[in-house]
Amino acid sequence: MSADIDELRRLRRARDRMDREYEQPLDVPALARTALMSPAHFSRRFRQAYSETPYSYLMTRRIERAKALLRRGDLSVTDVCFAVGCTSLGSFSTRFTELVGETPSRYRARNHDELRVVPACQTMVLTRPRRGGGQGGAEESSFGEASVSAPDRVVTAARGPLPGGRGRARGRARQG
């Protein structure tokens, strides 16, 4: 088995852990251990493989689950924030608004009856958080699959600390 395939398999293992344990206090060192890599190498390779940082991917999963809980309407925004693993209501609300295009309170108050007749698997696709806010359309999804070859675009996060109080390098998108 080639080294690239093995590394992608280990990155996928960490990504699957984020999908399963999004409500847990995951940080880059813990995820790097899952992928059997150093934290810096894991962050770099994850970003190259999936075009977003591990933190960004985890927050998108959390927002996706938060949308489902808010649509139910039986939990407050604060309860949803903590249920999906966020520890700061302000950071949660800011990230939710960035990805969804409206505040969590407004999203919760909106009528979601049109989604009640749609199968759950379709609802997940229709309401998947997109970068730049809103749903559907041509916007880039955070569910991009890894490829063995290097991507032509590298995106680095530009805001906020990682869970667990660790800092994060600042950067910007580059075309290559």
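Model, not experiment: these values are computed from the prediction. (Residues numbered from 1 in each chain as written. Predicted model: local features only at pLDDT ≥ 70, side-chain atom pairs only at ≥ 80, totals over all residues. Heavy atoms only, no water.)

## A word on helix α3 (residues 39–50)
Since there are 3.6 residues in each turn of an α-helix, residues three or four apart along the chain are aligned in direction. With 12 residues, α3 extends 16 Å between its outermost C-alpha atoms, agreeing within 8% with the 16 Å of an ideal straight helix rising 1.5 Å per residue. Of all the residues in α3, the buried ones are F42, S43, F46, R47, A49 and Y50. Taken around the axis of α3, the buried residues stretch over an arc of 165 degrees, which confines them to a single face. Of the residues trailing α3, S51 is marked for its positive phi of about 60 degrees. (Helix = DSSP H or I, 4+ residues; strand = E, 2+ residues; numbered from the N terminus. Expected span 1.5 Å × (residues − 1). Buried < 20%, exposed > 50% of the residue type's maximum accessible area, 1.4 Å probe, protein only. Arc of directions from axis to C-beta.)

## A short note on unusual backbone geometry
The phi torsion at L36 lies on the positive side, around 55 degrees, for a residue other than glycine. Counting through the fold element by element, L36 comes out in the loop between α2 (28–34) and α3. Positive phi, close to 60 degrees, is recorded for S51, a residue that is not glycine. Looking at the element boundaries, S51 is found in the loop between α3 and α4 (54–72).

## What about the packing of aromatic side chains?
Evaluation of the coordinates by the stated rule reveals 5 aromatic pairs. Through a chain of ring-to-ring contacts, the aromatic side chains of F42, F46, Y50 and Y57 assemble into a single cluster. The ring of Y57 has R61 sitting right over it, with the charged end atom 4.5 Å from the ring centre. (Phe/Tyr/Trp six-rings, centres within 6.5 Å; stacked < 30°, edge-to-face > 60°. Lys NZ or Arg CZ within 6 Å of the ring centre and 35° of its normal.)

## Topic: the nonpolar core
Counting residues in each nonpolar core, the largest one holds 33 residues, and the members touching the most others are L11, M18, F42, F46, V84, F92 and F96. Among the secondary structure elements, those contributing two or more residues to this core are α1 (3–20), α2, α3, α4, α5 (77–83) and α6 (89–100). Take this core: its biggest share by element is 8 residues, from α4. The residues touching F42, leaving out its near neighbours within four places in the chain, are L11, A14, V28, L31, A32, A35, M37 and P54. (Core = buried A, V, L, I, M, F, W, Y, C linked by side-chain atoms within 4.5 Å. Contact = heavy atoms within 4.5 Å.)

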